[in-house]
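Reading the structure
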There are 2 protein chains.
Amino acid sequence: MQKASDPMSVTLSALADPTRRAILARLAGGEASVGELAAPFDISLPAISRHLKVLEEAGLVSRSRNAQWRPVQLQAAPLRDVAAWIEEYRRFWDEGFDKLDALIEHLTKGDSDVSN
Amino acid sequence: MQKASDPMSVTLSALADPTRRAILARLAGGEASVGELAAPFDISLPAISRHLKVLEEAGLVSRSRNAQWRPVQLQAAPLRDVAAWIEEYRRFWDEGFDKLDALIEHLTKGDSDVSN
DNA sequence: TCATTAATTAATATAATGGTTAAATAAGGG
DNA sequence: CCCTTATTTAACCATTATATTAATTAATGA
């Protein structure tokens, strides 16, 4: 009953929140301060700060220091890993993998019931 | 403090668990019953059943009926959507986007401090 | 030094997640 | 009909996640 600590789960959990994805989208346009990132949202600054901590722990952002601001920057490496993982499933949504492929898969598996 | 209900969050939450990703990996080799899916894991059958419910609600699997078995099948459409979303970030991890690009981005943004 | 601005940490409340065991439901076969 | 097999649902519990407000830390600059 522990928290999942494998890197892929950490990354996907971090991405599984619309506020955090919106923050990443904003950072795709360049670095921003915490206050700038918080502005579009209707939630408190501490809440944004915690979202940023989640993103940082997932390696999706990094932070530096510039006077009293802490500019946040996008770090895309974990996204590359997710993209690589999901590529393994591409054949299941590409048009090449249609009902005929599914049928072949059934038959080669020795599954005699082809109806579903 | 509600549960995120947008489709992308639902999909990513479903994927953010190693047991559920292992189930999807198993299903990539063809449909399987709940019992077959549960076998490799050290957790109870009800726990697997709930994982399957999460995957089903995310549209990542579908279930049919064959006597007293409920065969589970992979449904990859939501993965296609995740792949499309993540593609938007490819340029941030591709080698084309290196420090020089970052510098250009700073300058075109009118950011005078280039040191970080 | 003190006021201001930026951001984090602390304390707290509540909801969601993920696991358990026990009971219920569904289908098949003697 | 009853027994067995397959799976889900119910009830429960511990942990994690996400939000709030209030207090704290950090840096700037009058």
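Rules and cut-offs
Residues numbered from 1 in each chain as written. Chains lettered and ligands numbered in written order. Predicted model: local features only at pLDDT ≥ 70, side-chain atom pairs only at ≥ 80, totals over all residues. Heavy atoms only, no water. Core = buried A, V, L, I, M, F, W, Y, C linked by side-chain atoms within 4.5 Å. Buried < 20%, exposed > 50% of the residue type's maximum accessible area, 1.4 Å probe, protein only. Contact = heavy atoms within 4.5 Å. Near = heavy atom within 4 Å. Polar contact = N/O pair within 3.5 Å; in protein donor to acceptor, adjacent residues only side chain to side chain. Helix = DSSP H or I, 4+ residues; strand = E, 2+ residues; numbered from the N terminus. Nonpolar A, V, L, I, M, F, W, Y, C, P; charged D, E, K, R; others polar.

**Side note on the nonpolar core**
Side chains of nonpolar character tend, in soluble globular proteins, to be buried together. Formed by 60 residues in total, the largest nonpolar core has its most connected members in Leu79 and Tyr89 of chain A together with Leu79 and Tyr89 of chain B. Apart from residues lying up to four places away in sequence, Tyr89 of chain B is in contact with Arg21, Leu24, Ala25, Ala28, Leu74, Ala76 and Leu79 of chain A.

**What to know about the protein's contact with DNA strand C**
As a structural note, the neighbourhood of DNA strand C is formed by 24 residues, with Gly35, Ser49 and Arg63 of chain A together with Ser44 and His51 of chain B the closest of them. Counting only atoms of DNA strand C within 4 Å of the protein, the fraction found in sugar and phosphate groups is 81%. Here Gln68 of chain A contributes a backbone N or O atom positioned 3.5 Å from a sugar or linking oxygen of DNA strand C. Contact distances for DNA strand C include 3.0 Å between a phosphate oxygen and a side-chain N or O atom of Arg20 of chain B. Broken down by secondary-structure element, the contributors of at least two residues to the surface near DNA strand C are helix H3 (34-38) and helix H4 (45-57) of chain A together with helix H4 (45-57) of chain B. Broken down by element, the residue count for the surface near DNA strand C peaks at four residues, all from H4 of chain B. A per-class count over the surface near DNA strand C returns ten nonpolar, seven polar and seven charged.

**Description of the protein's contact with DNA strand D**
Residues in contact with DNA strand D amount to 25 residues; listed here are only the nearest, Ser44 and His51 of chain A together with Gly35, Ser49 and Arg63 of chain B. For DNA strand D, the backbone portion of the atoms within 4 Å of the protein, that is sugar and phosphate, comes to 81%. Within the side chain of His51 of chain A, an N or O atom sits 2.4 Å from a phosphate oxygen of DNA strand D. In the model, a phosphate oxygen of DNA strand D is placed 2.7 Å from a nitrogen or oxygen of the Gly35 of chain B main chain. Within the residue set of the surface near DNA strand D, elements represented by two or more residues are H4 of chain A together with helix H3 (34-38) and H4 of chain B. Here the surface near DNA strand D is composed, by residue class, of ten nonpolar, seven polar and eight charged.

By themselves, these figures tell us nothing about what the structure is for.
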